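Chain by chain, the residues run as shown.
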Amino acid sequence: MDQQALWRPSAERIAGARLSSFMTAVNARCNAACTDYPSLWRWSVAEPEAFWTSVWDQCGALGERGESVLEDADRMPGARWFPQAQLNYAQNLLRGGAEQRGSADTDALVFWGEDQVKRRFSNAELYAEVSRCVQALQACGVGRGDRVAAYLPNMPEALIAMLATASLGAIWSSASPDFGVQGVLDRFGQIEPKVLLCVDGYWYNGKRVDCMARNVQIAAQMQTVERCLVVSYLDAAPDVAAIRNGQRYVDFITPFSAAEIDFVALPFEHPLFIMFSSGTTGVPKCIVHCHGGALLQHLKEHQLHGDVQPGDRIFYFTTCGWMMWNWLVSGLASQATLLLYDGSPFIAGASGKPGTILFDYADAERMTHFGTSAKFIDALAKTGLKPRETHRMDPLRAMFSTGSPLAPESFD
């Protein structure tokens with residue numbers, strides 16, 4: 001059967017792509033002799049040390065790389081990448097805030113909680129909030145190797161607390177508040193967190209969903225948790241009296257003023273995230289991602305595969321219980337603005353038509369990259385909705401459906 005391409009980039013777009021710049025650089029520095037994508041891929045597989053060194057350099061990773069690139073390459077598991085490296089994932093994501101603290105600058109992140117809540121942070125404001133959280137975590141004894149767990153929506157406090165955790169060399173793990181009590185205990189019970197963040201509730205399909213009763217049960221059964229921090233979303237001052245070691249998040253950070261963050265320099269393979277398998281074949285299995293590996297892989301995927309440029313505004317519909325949240329937030333390392341969304345993607349936007357809220361968001365915030373699932377696209381197709389006809393979507397340059405790029409021209 002003949003196949004016809006849905007979309008092809010122009011010669012101008014190809015010339016301006018970061019992948020094209022990368023190919024030019026490796027040809028000059030490594031004599032890679034790449035002429036197109038297949039030849040670049042073949043070179044990356046044949047010369048992995050040169051390839052990943054080039055990713056580090058060309059994609060702008062911050063840190064001390066060291067001389068050695070790969071040890072024990074024939075061992076699986078057992079191979080060690082960049083064994084002399086020292087870096088910090090959070091420092092790479094907060095570089096914009098460090099440079100622009102105290103100034104009026106561009107958005108670091110924008111948050112929509114359905115059509116109920118809208119917030120935004122500049123790079124300087126994000127850096128300041130992370131700094132306060134870092135100091136608060138240090139004051140309650142969190143340090144290198146400790147675990148901080150979050151039972152939170154995809155909201156600014158999740159990003160802030162993750163960056164604060166990573167800056168200290170502690171290890172982050174997160175789950176979505178739509179998980180039940182046992183689902184959370186099955187995951188976080190394995191990793192023995194010192195601090196647990198949770199939310200008072202969230203909005204879904206225009207309705208308030210209260211989480212406080214679940215928070216009480218979870219904190220009561222996790223004996224390693226020394227501080228359970230409740231983030232306000234539905235109410236300004238949730239009652240935390242019934243939660244073991246409970247404290248409002250805002251009270252946790254209030255004593256501290258923004259200051260320079262002293263990022264802990266860590267080995268390339270130091271644990272960063274603990275994620276989990278789905279749990280369909282028993283208790284969810286822990287999956288550990290490291291500072292260096294997560295950073296380089298996400299820099300590669302954002303810049304070389306997604307063509308994320310400084311100043312781009314990227315979105316992926318995800319919860320904190322899916323690895324795409326970790327992928328999304330790494331966009332800060334490529335100097336992009338994060339567009340966070342929590343709630344149902346099917347609520348009506350300004351047009352009154354169900355399923356238009358995310359496209360209202362795309363228009364309002366000049367979204368350049370839109371990520372969602374094939375299931376969402378299929379559901380919209382069944383309704384007959386054609387975003388190309390109802391929304392401008394002018395800056396939109398890339399779409400991702402469960403990891404596969406779709407051109408905006410085809411999204412109708």
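Throughout, residues of each chain are indexed from 1 in the direction in which the sequence is written. Only residues with pLDDT of at least 70 get local features here, since the model is predicted, and only at 80 or more are side-chain atom pairs given and counted; chain-wide, interface and lining totals rely on the full set of residues. Derived side-chain values reflect all non-hydrogen atoms in the structure, with water molecules and hydrogen atoms excluded from consideration.

On to the pairing of strand E16 (residues 313–316). Side chains Arg313 and Phe315 of E16 all project onto a buried face; the interleaved residues Ile314 and Tyr316 project onto the opposite face, where all are buried too. A strand pair is defined by DSSP finding two or more bridges across the two strands. Working definition: helices are DSSP H or I runs of at least four residues, strands are E runs of at least two. Numbering for both runs from the N terminus. Two strands pair when backbone bridges link them, and E16 and strand E17 (residues 337–342) are joined in this way by three bridges, in the parallel orientation. Across the sheet, the residue bridging to Ile314 is Leu338, located in E17. When the strands point away from the viewer and the path from the first strand over the helix to the second turns clockwise, the crossover is right-handed. Handedness of the crossover joining E16 and E17 through helix H13 (residues 323–329): right-handed. Where E16 lies against strand E18 (residues 369–372), three bridges are found, and the strand directions are parallel. Residue pairing for E18: Phe315 is matched across the bridge by Phe370. Think of it in three bands: with a 1.4 Å probe and only protein chains considered, a residue is buried below 20% of the maximum accessible area for its type, exposed above 50%, and partly exposed in between.

On to helix H2 (residues 18–30). By this rule, a helix spans an expected 1.5 Å times one less than how many residues it contains. Along its 13 residues, H2 runs 17 Å from first to last C-alpha, staying within 8% of the 18 Å computed at 1.5 Å per residue. Of the positions making up H2, those classed as buried are Arg18, Ser20, Phe22, Met23, Ala25 and Val26. The positive-phi residue at the C-terminal boundary of H2 is Asn31, with phi of around 50°.

Attention now moves to the side chain of Thr53. Following the sequence through the fold, Thr53 ends up in helix H4 (residues 48–58). Residue classification places Thr53 among the buried residues on the basis of a relative accessible area of 13%. Ignoring any residue separated from it by four or fewer positions in sequence, one finds Thr53 in contact with Arg65, Val69 and Phe82. When checking whether two residues touch, look at their non-hydrogen atoms; a contact exists if any pair is within 4.5 Å.

Any carboxyl oxygen of Asp or Glu within 4 Å of a side-chain nitrogen of Lys or Arg constitutes a salt bridge here. Under the criterion given, the structure shown has 17 salt bridges. Among the salt bridges present, the one from Glu269 reaches Arg80, with a minimum N-O distance of 3.5 Å. Placement of Glu269 in the loop between strand E13 (266–267) and strand E14 (271–276) and of Arg80 in strand E2 (residues 80–81) is noted, with a sequence separation of 189 residues between them. Given a relative accessible area of 45%, Glu269 falls into the partly exposed group. You can call Arg80 partly exposed: its relative accessible area is 30%. A single salt-bridge network, built from bridges that share partners, covers Asp107, Arg120, Arg313 and Glu365.

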